[in-house]
Amino acid sequence: MKTSVEQTTKQYDLVVIGGGPAGYVAAIRASQLGKKVACVEKEQVGGTCLNWGCIPTKALLRNAELFHLMRDRATEFGFSFEKVAYDWGSIIGRSRKVVQQNVQGIDFLLKKHRIDLIRGEAKLGVEGEVTVQSAEGQAHSLKADKILLATGAKPRPLPQLPFNGHNVLSSRDALALEQQPTSIAIIGAGAIGCEFAYFFNAFGTKVTLIEMQPHLLPQEDSEVSEALNKAFHQQGISVHTGTRLLDAQADEDGVRLTLEGQERHTVEAQMCLVAVGIQPVLPEGANVELTERGYIQVDDNYQTSRPNLYAAGDIIGPPWLAHVASFEATQAVEGMFSEHKPRQAKLFPACTYCQPQVASVGLTEQAARERNIAYKVGKFPFSASGKARAIGEPEGFVKLIFGETYGELLGAHIIGSEATELIAELNLALTLEATDEEIKATMHAHPTLSEAVYEATEQAFGMAIHL
Ligand SMILES: Cc1cc2nc3c(=O)[nH]c(=O)nc-3n(C[C@H](O)[C@H](O)[C@H](O)COP(=O)(O)OP(=O)(O)OC[C@H]3O[C@@H](n4cnc5c(N)ncnc54)[C@H](O)[C@@H]3O)c2cc1C
């Protein structure tokens, strides 16, 4: 007699494990290339990005921006409100609703591309075999010529402060809080920590932001990090950079952190958000070579140490970004099923969506200096931009780094309104190895914030018009 597992065995060209920005994108690209594909997902499609990362945070940040505008800047724009109030539950609810709309969108795309979406937890068996156990106890056995692991990562706890979902929070917990905290200490001032700091502070939660490195957003150009530090300070966020966590206690009364910066001190808060990084999620039976930090080791074709087993996205290590995950996934799949030689994610934009926004691509000024590259810096403040003044967003600047000899763009750093949209032009410029001459030859519409890119380019060579 056949078992229920054997009855459901199916053969595919590609089985993708994980339905996040790496997994679902890989599945769609393989289907576009005419392959028979299954995608296995143990939760909802969309992965961390769509369910517990990029999208819900941006929905909450939009609420924060609007509230800040209405409460603190209404009179500047000629409005008056008797009382600007908000409902915390509705704010969280809107964010979760946006998530659901996006999840439905991905479900639809998978159906449209005739991809079998199999819900459950995947385990790897012998070469080419995957078994899936659904939450309802149903088992599927899949066979595949090739398998792509796109199982992502999850928030990393601090040993002395394990997540409890109650007052020691991961980013996932913080996205679905039923009650607004009166105070929160955020450990880690990378993009996630800074975005949550802005969000909670905008709604009046007392925020303490703690970072071990000397600057907020330690990967960014330090001039930008310093400008963000100043902006956060003005917004009322208590920022502690160069500060280590020595000890932590969490009980029913709240969280007490012992910190060491310039001096030893304690911070007490109702809640603590630990945003110090992530850790890989490996599927059972993977048995592949790992990097020192436990991520899956892949070669230039995104192949693991096992034949016909590939990996892409957060699970292969930094940079941990959704667009990088999708890029790697399409490269991996095109490499598997076409003549295409996969490329690596060497040049990628990094964006932080607090206000002021921060976005960058390419070399920081510090990196250019360390590499002994002769460079020129061009900088243009939004306070000198007509459009920025017109929309009431004069904070921040565009900073561009060019090679001194040939004028090639080396790096771009923006802090200010819509920085995360403005960076796209500079990303393309870097991909095309554009020089200052080419940026200058590109007309920038007036009035737009993007004129600051043009002006910063001119300024690098002493020719800015509006400075
Ligand atoms: C709070 C937060 C904010 C973020 N904001 C941004 C941002 O603004 N921009 C940006 O670019 N990036 C952002 N990121 C990072 C981004 O979410 C990740 O880089 C991206 O989701 C990685 O995609 P992935 O497909 O590799 O992994 P994931 O999105 O994590 O997807 C992996 C999927 O695999 C599934 N899975 C795991 N194991 C199994 C198994 N054994 N069987 C079946 N399914 C399995 C998981 O359920 C998950 O759905 C943010 C992250 C967080 C936490």
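See the structure printed just above.
Thresholds, definitions, all that
- Residues numbered from 1 in each chain as written.
- Predicted model: local features only at pLDDT ≥ 70, side-chain atom pairs only at ≥ 80, totals over all residues.
- Heavy atoms only, no water.
- Core = buried A, V, L, I, M, F, W, Y, C linked by side-chain atoms within 4.5 Å.
- Buried < 20%, exposed > 50% of the residue type's maximum accessible area, 1.4 Å probe, protein only.
- Contact = heavy atoms within 4.5 Å.
- Pairing = 2+ DSSP bridges.
- Helix = DSSP H or I, 4+ residues; strand = E, 2+ residues; numbered from the N terminus.
- Axes fitted to C-alpha atoms, helices over the stretch in contact; angles between N-to-C directions.
- Parallel < 35°, antiparallel > 145°, perpendicular 65-115°, else oblique.
- Left-handed = near helix turned anticlockwise from the far one by under 90°.
- Nonpolar A, V, L, I, M, F, W, Y, C, P; charged D, E, K, R; others polar.
- 1 Å grid on protein atoms, 1.4 Å probe; cavity = no way out; pocket = protein on both sides within 12 Å on 5 of 7 lines; lining within 4 Å.
- Points joined across faces, edges and corners; volume = space filled by probe spheres on them.
- Salt bridge = Lys/Arg side-chain N within 4 Å of Asp/Glu carboxyl O.
- Patch = residues over 30% accessible without salt bridge, like charges linked within 9 Å, V, L, I, M, F, W, Y side chains within 5 Å.
- Areas by Shrake-Rupley, 256 points an atom, 1.4 Å probe, with all protein chains shown as cover.
- Near = heavy atom within 4 Å.
- Polar contact = N/O pair within 3.5 Å; in protein donor to acceptor, adjacent residues only side chain to side chain.

A. Local environment of the nonpolar core. Of all hydrophobic cores here, the largest spans 50 residues; its most connected members are Leu 14, Val 15, Val 130, Leu 148 and Leu 149. Among all residues touching Leu 149, those that are not within four sequence positions of it are Ile 17, Leu 124, Pro 283, Ala 286, Ile 296, Leu 309, Tyr 310, Ala 311, Ala 312 and Ile 315. With 36 residues, the next largest nonpolar core counts Ala 64, Ile 92, Leu 217 and Phe 397 among its residues.

B. Spotlight on the sheet that holds strand β9 (residues 183-187). Strands sit in the order β8-β15-β9-β10-β11 across an open sheet of 5 strands; the sheet is parallel. In this open sheet, the two strands that pair with only one neighbour each are β8 (168-169) and β11 (238-240). Pairing between strand β10 (residues 206-210) and β11: 3 bridges, direction parallel. By the bridge assignment for β11, Thr 208 is matched with Ser 238.

C. Examining the sheet that holds strand β21 (residues 396-403) more closely. Reading across the sheet, the 5 strands line up as β18-β19-β22-β21-β20 and stay open at both edges, with antiparallel pairing between neighbours. Taken across any chain shown, the strands that pair with only one partner, and hence form the sheet edges, are β18 (350-352) and β20 (375-381). Each adjacent strand pair in this sheet contributes to an overall mean axis angle of 10 degrees, direction not counted. Bridge analysis of strand β19 (residues 357-362) against strand β22 (residues 409-416) gives 6 bridges, and the strand direction is antiparallel. Residue pairing for β22: Ala 359 is matched across the bridge by Ile 414. Of the strands in this sheet, β18, β19, β21 and β22 touch helix α12 (residues 419-431), which is tilted by about 5 degrees from β19.

D. How the structure looks around the packing of helix α4 (residues 54-72) against helix α5 (residues 88-112). Interhelical geometry of α4 versus α5 gives an angle of 140 degrees and a closest axis separation of 9 Å. Judged by the angle between their axes, α4 and α5 are oblique. Like other packed secondary-structure pairs, α4 and α5 cross with a definite hand, here right-handed. Here Ile 55, Pro 56, Ala 59, Leu 60, Arg 62 and Asn 63 of α4 lie close against α5, whose contacting residues are Ile 91, Ile 92, Arg 94, Ser 95, Arg 96, Val 98, Val 99 and Asn 102. Class assignment for the residues of the contact of α4 with α5 results in 8 nonpolar, 3 polar and 3 charged.

E. Inspection of the layout of surface pockets at higher detail. Of the voids in this model, the second largest pocket is the one considered here, and its volume is about 590 Å³. Lining the second largest pocket are 25 residues, and of these Glu 65, Tyr 198, Gln 355, Glu 393 and Ser 417 sit closest to its centre. Every element with two or more residues in the lining of the second largest pocket is listed here: α4, α8 (222-235) and α12. For the lining of the second largest pocket, the element with the highest residue contribution is α4, accounting for 7 residues. Each residue belonging to the lining of the second largest pocket can be placed in one class, and the counts come to 8 nonpolar, 9 polar and 8 charged.

F. Structural view of the pattern of salt bridges. Taken as a whole and judged by the stated rule, the model has 20 salt bridges. A salt bridge links Glu 334 to Arg 29, with the nearest nitrogen and oxygen atoms 2.3 Å apart. On the criterion of sequence distance, the pair formed by Glu 334 in helix α9 (residues 322-337) and Arg 29 in helix α2 (residues 23-32) is long-range, its members being 305 residues apart. Looking at Glu 334, the relative accessible area reads 17%, which means it is buried. Connected via shared salt-bridge partners are Asp 221, Glu 223, Glu 365, Arg 369, Lys 379 and Lys 399.

G. How the structure looks around a nonpolar patch on the surface. Taken together, the side chains of Leu 66, Leu 69, Met 70, Phe 77, Phe 79 and Phe 81 define a hydrophobic patch exposed on the protein surface, amounting to about 530 Å² of accessible area. Structurally, Met 70 can be placed in helix α4.

H. Molecular detail of the site of the ligand. Around the ligand, the surrounding shell holds 36 residues, and the nearest of these are Glu 41, Thr 48, Lys 58, Asp 314 and Ala 322. In the model, an oxygen atom of the ligand is placed 3.1 Å from a nitrogen or oxygen of the Cys 49 main chain. The backbone of Leu 321 places a nitrogen or oxygen atom 3.3 Å from an oxygen atom of the ligand. Coverage of the ligand by the protein amounts to 93% of the 1,000 Å² it exposes when considered alone. Of all the secondary-structure elements, those providing two or more residues to the shell around the ligand are β2 (37-41), α3 (47-52), α4, β4 (121-124) and α9. Across the shell around the ligand, the residue classes break down as 18 nonpolar, 13 polar and 5 charged.

These results come straight from atomic positions and should not be treated as a statement about function.
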